[in-house]
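Given next are the chains, with one letter for each unit.
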Amino acid sequence: MTRRLRTYAEVVGPDRSGLAAQVGVQRDRVRRRLASVKAVVAVMSGKGGVGKSAVTAGLARALAGDGARAVGVLDADLHGPTVARLLGARGPVRVDAEAVHPVVAEGGVRVFSTDLLLDDGHPLSWRGPDSERFVWRSTLEAGALREFLADVAWGALDVLLVDLPPGADRLADLAALAPLAGAVAVTLPSEESRRAVARAIRAARADGVALLGVVENMSGYACRGCDAVQPLFPGDAGAALAREFDAPLLGRIPFVPGDAPPPVPSTLTDRVLEVLA
Amino acid sequence: MKFLCMDCDEQMSFEERALPGDGTFTAAFGCPRCGRRVAMLANPMETQLVGSLGVKIGGRTLDEQPLELVRSAMEGRAGAFAEAEEEAPAGARPSWSAAARDRLERVPSFVRGMVKRIYMEYAVERGIAEITPSVMDRARAELGLEGM
């Protein structure tokens, strides 16, 4: 007859590896680091190419004003980081025994991004065995996000904006790691964008993330010559999403040719300031 | 993770770990009652999966370094980090043998500053005057420095 083996819980001796305890320590590091951050706000979208990073950069600059507020930007788009460049952040990154230090960009915005760590034009790549790479890669990337929250000396911030990649996965990781004041969803006017962003908003809500509002980006083309705004994409996804999710439409931002982040509407900055109040 | 000696119905104790340098991981456990020893051998994928969590089998003996996971796993840009030189207590700063220095130079520069700090702390804490490749090997195994 086979003897019944005791279970993990029944073997009461200490677990020397203490993997769960080690994960707990990691979470504590995030909690301690963010204790001096008044609000963490995510900028999300279900679709790529909608201008999330440009909106994040514009929002960061507007909130920072002329030193009016301490603002940080964490670029959670590990594979396609762009917000650091939009804010004029350049490395190298200073590091000491306690922390790595965010790069201070124009307007005093504190920035951290894989863009500061990667060779120019090179993809994010991890050392490790090629076999079953997909199994551990997403775990590593969640770990990278955790370290960006916990190990960057953000200091006292009024708001930490997190620029997310397209989709909903990274927001779920973020929501599990950090207390979020909410998320701003960015969409193009098109129906395709509405559908993709609606999926992401539903996923965000399932993760307990509050929707602060919707921004419609590239909502027309702003002519530099005559200041008129011409149609660019058909549709009114911003208003439709706001109705669908009973959230405010925080503004329509026209496409303005050039590299600079677009000026963001005051309704957007006001909404973020509300959650800081 | 716990190991049970089935003959004695006794929890086995963690004894040591080894990182042979081929991406695999070995942890040895012994039964405090009968002395039986077993080794857990993890293949590179299993080793990487656990490492991706930023945890150490056998427990941590060193506080997590800033961006430890990112720096030890990412193919990053040389010169991405401007490393602050730590002040070791007077007279306690260990020297590096030529062979150890050569070996350190072969560590990717993205992570080299962190690795150097870890070896220095290891040597200072143990009163080791000179860091040699053998000290580095011991530190790797004791601290679980896979990929460093």
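So, here is what we can say about the structure in this document. The structure displayed is predicted, hence computed values, not measured ones.

### Overview of the overall build of chain B
- Helices and strands together make up the secondary structure of chain B, namely five helices and eight strands.
- Listing the helices and strands of chain B from first to last along the sequence gives β-β-β-β-β-α-α-β-β-α-α-β-α.
- For chain B, the C-alpha atoms occupy an extent of roughly 55 × 35 × 25 Å along the three principal directions.
- Looking at chain B residue by residue over its 148 residues, the buried ones come to 34%.
- For chain B, the proportion of contacts with a sequence separation of at least 24, taken over those separated by at least 6, is 58%.

### Some details on the overall build of chain A
- A count of helices and strands for chain A gives eight helices and ten strands.
- In terms of overall dimensions, chain A is globule-like: its C-alpha atoms have a radius of gyration of 21 Å, near the 19 Å expected for 277 residues.
- Overall size of chain A, expressed as C-alpha extent along the three principal axes, is 85 × 45 × 40 Å.
- Each of the 277 residues in chain A was classed as buried or not, and the buried ones make up 46%.
- Residue pairs at least 24 apart in sequence account for 77% of intrachain contacts in chain A once pairs closer than 6 positions are excluded.

### Quick look at the sheet that holds strand 3 (residues 13-18) of chain B
Residues and elements named next belong to chain B.
- Reading across from one edge, 3-4-5 is the order of the three strands in this open sheet, with antiparallel pairing throughout. Edge positions in the sheet fall to strand 3 and strand 5 (37-42), since each has one partner strand and no second. For this sheet, the mean angle separating the axes of adjacent strands, direction not counted, is 20°.
- Inspection of the sheet shows strand 3 paired to strand 4 (residues 25-30) by five bridges, in the antiparallel sense.

### Some words on the environment of Trp136(A)
- Mapped onto the elements of the fold, Trp136(A) is located in helix 4 (residues 133-150).
- Separated by 29 residues in sequence, Trp136(A) and Gly107(A) place their C-alpha atoms 38 Å apart.
- The contact partners of Trp136(A), leaving out residues within four places of it in the chain, are Gly128(A), Gln48(B), Leu49(B) and Ser52(B).

### Examining the interface of chain B and chain A
- Contacts between chain B and chain A engage 39 residues on the former and 42 residues on the latter.
- Those elements that place two or more of their residues in the side of chain B that touches chain A are helix 1 (44-51), helix 2 (68-73), strand 6 (81-83) and helix 4 (109-125) of chain B.
- The greatest single-element share of the side of chain B that touches chain A, amounting to four residues, is contributed by helix 1 of chain B.
- Grouping the amino acids of the side of chain B that touches chain A by side-chain chemistry returns 19 nonpolar, eleven polar and nine charged.
- Where strand 3 (residues 93-95) of chain A and strand 6 of chain B come together, three bridges link them in parallel fashion. In the sheet register, Val93(A) faces strand 6 of chain B, and the bridge partner there is Phe81(B).

### A short note on the pairing of strand 6 (residues 157-163) of chain A
All names here are of chain A.
- In terms of residue burial, strand 6 counts as a mostly covered element, since five of its seven residues are buried.
- As judged from the six bridges shared by strand 1 (residues 37-44) and strand 6, these two strands associate in the parallel manner. Each bridged residue has a counterpart across the sheet, and for Val 37 the counterpart in strand 6 is Leu 157.
- Of the pairings in the sheet, the one linking strand 2 (residues 71-75) to strand 6 comprises five bridges and is parallel in character. In the sheet register, Leu 74 faces strand 6, and the bridge partner there is Val 162.

### Structural notes on the packing of helix 1 (residues 19-34) of chain A against helix 4 of chain A
All names here are of chain A.
- Taken N-terminus to C-terminus, the directions of helix 1 and helix 4 make an angle of 40°; their axes are 8 Å apart at the nearest point. The angle between helix 1 and helix 4 places the two elements in the oblique class. Contact residues: Gln 26, Arg 29, Val 30, Arg 33 and Leu 34 in helix 1; Arg 146, Leu 149 and Ala 150 in helix 4.
- Classifying every residue of the contact of helix 1 with helix 4 by side-chain character gives four nonpolar, one polar and three charged.

### With respect to unusual backbone geometry
All names here are of chain A.
- The omega torsion across Gly 91 and Pro 92 is 0°, close enough to zero to call that bond cis.
- Among the secondary structure elements, Pro 92 is positioned in the loop between helix 3 (83-86) and strand 3.
- One non-glycine residue, Met 218, lies in positive phi territory at about 55°.
- You will see that Asp 246, though not glycine, has its phi angle at about 50°, which is positive.
- Within the fold, Asp 246 resides in the loop between helix 7 (237-244) and strand 10 (249-255).

Parameters at a glance
Residues numbered from 1 in each chain as written. Chains lettered and ligands numbered in written order. Predicted model: local features only at pLDDT ≥ 70, side-chain atom pairs only at ≥ 80, totals over all residues. Helix = DSSP H or I, 4+ residues; strand = E, 2+ residues; numbered from the N terminus. Buried ≥ 20, exposed ≤ 12 C-beta atoms within 10 Å, placed from the backbone. Contact = placed C-beta atoms within 7 Å. Rg over C-alpha atoms; globule rule 2.2 N^0.38 Å. Pairing = 2+ DSSP bridges. Axes fitted to C-alpha atoms, helices over the stretch in contact; angles between N-to-C directions. Nonpolar A, V, L, I, M, F, W, Y, C, P; charged D, E, K, R; others polar. Parallel < 35°, antiparallel > 145°, perpendicular 65-115°, else oblique.

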